[in-house]
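What follows is the residue order along each chain.
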Amino acid sequence: MENSTIFSGEFNFHSTNKDLMFQYNLDTKTAIVLINRPKQLNALNRDLIESLSNFLNQLEKNKKIRSIIISGVGNKSFVAGADIKEFKKFNKEESLHLSSLGKEQLFNKITHFSKPVIAAINGYALGGGLELALACHIRVASENAKLGLPECSLGLIPGYSGTQKLPQIISKNIAMEMILTSKIIDAQKSLQLGLVNYTVPLNELSTKALEIASLCNAISPESARAAIKAINSCYSQNGEEIETEEFSKLFETSNFKEGVSAFLEKRQPNFN
Ligand code: DAK
């Protein structure tokens, strides 16, 4: 079961990195991207971060793709963290550089991605793996999932925005405890804390993630981009101005006209 995927259908390997697999279905308008290092519980290394970053750039440009699902190969782990074997050799300068680079290449890119990104958490989401899930816009977890930021137990702290995002998504109080105790929590507790949007049995995870993606695909792509930008500004001082600016820009889009016309004509909108 190590190499199985929870998603059906054919997957392609990324052209230069076999640790990354993908599937797009132009009918569903959703790209599914899988981290494929099941023997290492899908631990993230530098090459993967770079390949995933480049691949996301392609997906962002592809107008036929409206949403992305990120998950891991196998039924045990989403991503069990950054690759410990790789980062154990880094020094202060390298880690400073790699932390900023990783944020710029991947974690911030997902946070500010113009299309909804859904994490389908199929098992362990630890350290950098949970930070990857936290960067996604919506999280759905299987009932066997285990989530945590155990970096302090390795003599580190989270380095891909975990100290910033976890307190925003749950609360500062609980984030403090999770990080300071390196506690790993199960799917049910994650749901209770609002860390994930849904938990489902593992064999229903792909269906649930695709169902959420399909709802996201039905809205105007400009609305998706604007909503992500405005919601991401909710903790900044100019969040209200960003909302107003993004809101007004949408009045110039053909999809706004289509949305309103469809409502008045009592039909489903056809956004493009
Ligand atoms: N990195 C590398 N290999 C990993 C790994 C990881 N994060 N997690 C698991 N593996 C490997 C194991 O070494 C093992 O490999 P072999 O011994 O078979 O060669 C294989 O995956 C299967 O793991 P286990 O045998 O341990 O499996 P178990 O079911 O017994 O245990 C587990 C599952 C998830 C409880 C356990 O594997 C575990 O505790 N894994 C480590 C979890 C963890 O601490 N993750 C890292 C958090 S720290 C940075 C930025 C960010 C970060 C670092 C640097 N810079 C910018 C420089 C972030 C750091 C983190 O993510």
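Being a predicted model, the structure only gives us computed values, none of them experimental. (Residues numbered from 1 in each chain as written. Predicted model: local features only at pLDDT ≥ 70, side-chain atom pairs only at ≥ 80, totals over all residues. Heavy atoms only, no water.)

Draft legend 1. Inspection of the overall build of the protein chain at higher detail. Of regular secondary structure, the protein chain possesses 11 helices and 11 strands. Against the compact-globule benchmark of 19 Å for 272 residues, the protein chain has a radius of gyration of 19 Å, which places it among compact chains. The C-alpha extent of the protein chain, read off along each of the three principal axes, is 60 × 45 × 35 Å. Within the protein chain, buried positions represent 47% of all 272 residues. Counted over contacts in the protein chain with a minimum sequence separation of 6, partners at least 24 positions apart contribute 68%. (Helix = DSSP H or I, 4+ residues; strand = E, 2+ residues; numbered from the N terminus. Rg over C-alpha atoms; globule rule 2.2 N^0.38 Å. Buried < 20%, exposed > 50% of the residue type's maximum accessible area, 1.4 Å probe, protein only. Contact = heavy atoms within 4.5 Å.)

Draft legend 2. How the structure looks around the site of the ligand. In the vicinity of the ligand, 24 residues are found, and the nearest of them are Lys76, Ala80, Ala82, Ile84 and Gly128. The backbone of alanine 80 places a nitrogen or oxygen atom 2.9 Å from a nitrogen atom of the ligand. Note that an oxygen atom of the ligand is positioned 2.8 Å from one of the backbone N or O atoms of glycine 128. Those elements that place two or more of their residues in the shell around the ligand are helix 2 (84–87), helix 3 (92–111) and strand 7 (124–126). Here the shell around the ligand is built from residues that sort into 13 nonpolar, 6 polar and 5 charged. (Near = heavy atom within 4 Å. Polar contact = N/O pair within 3.5 Å; in protein donor to acceptor, adjacent residues only side chain to side chain. Nonpolar A, V, L, I, M, F, W, Y, C, P; charged D, E, K, R; others polar.)

Draft legend 3. Representation of the packing of helix 9 (residues 221–232) against helix 10 (residues 239–250) in the model. Across the interface, helix 9 lies against helix 10 with an axial gap of 9 Å and an inter-helix angle of 170 degrees. Taken together, the axes of helix 9 and helix 10 are roughly antiparallel relative to one another. Only Ile242, Glu243, Glu246, Lys249 and Leu250 of helix 10 make contact with helix 9, whose side of the interface consists of Glu222, Ser223, Arg225, Ala226, Lys229 and Ala230. Of the residues assigned to the contact of helix 9 with helix 10, the class counts are 4 nonpolar, 1 polar and 6 charged. (Axes fitted to C-alpha atoms, helices over the stretch in contact; angles between N-to-C directions. Parallel < 35°, antiparallel > 145°, perpendicular 65-115°, else oblique.)

Draft legend 4. Quick look at the side chain of serine 190. Its place among the elements puts serine 190 in helix 7 (residues 187–193). Those residues in contact with serine 190 that sit more than four places away from it in its chain are Leu147, Ile185, Leu195 and Val196.

Draft legend 5. Representation of the pairing of strand 6 (residues 117–121) in the model. Of all 5 residues in strand 6, 5 are buried; the element is thus mostly enclosed. Neither face of strand 6 is exposed, since Val117, Ala119 and Ile121 on one face and Ile118 and Ala120 on the opposite face are all buried. Here strand 4 (residues 67–72) runs beside strand 6; their pairing, made up of 3 bridges, is parallel. What sits directly across from isoleucine 68, in strand 6, is valine 117. By the bridge criterion, 4 bridges tie strand 6 to strand 8 (residues 138–142) in an arrangement that is parallel. Counted as the bridge partner of isoleucine 121 is alanine 141 from strand 8. (Pairing = 2+ DSSP bridges.)

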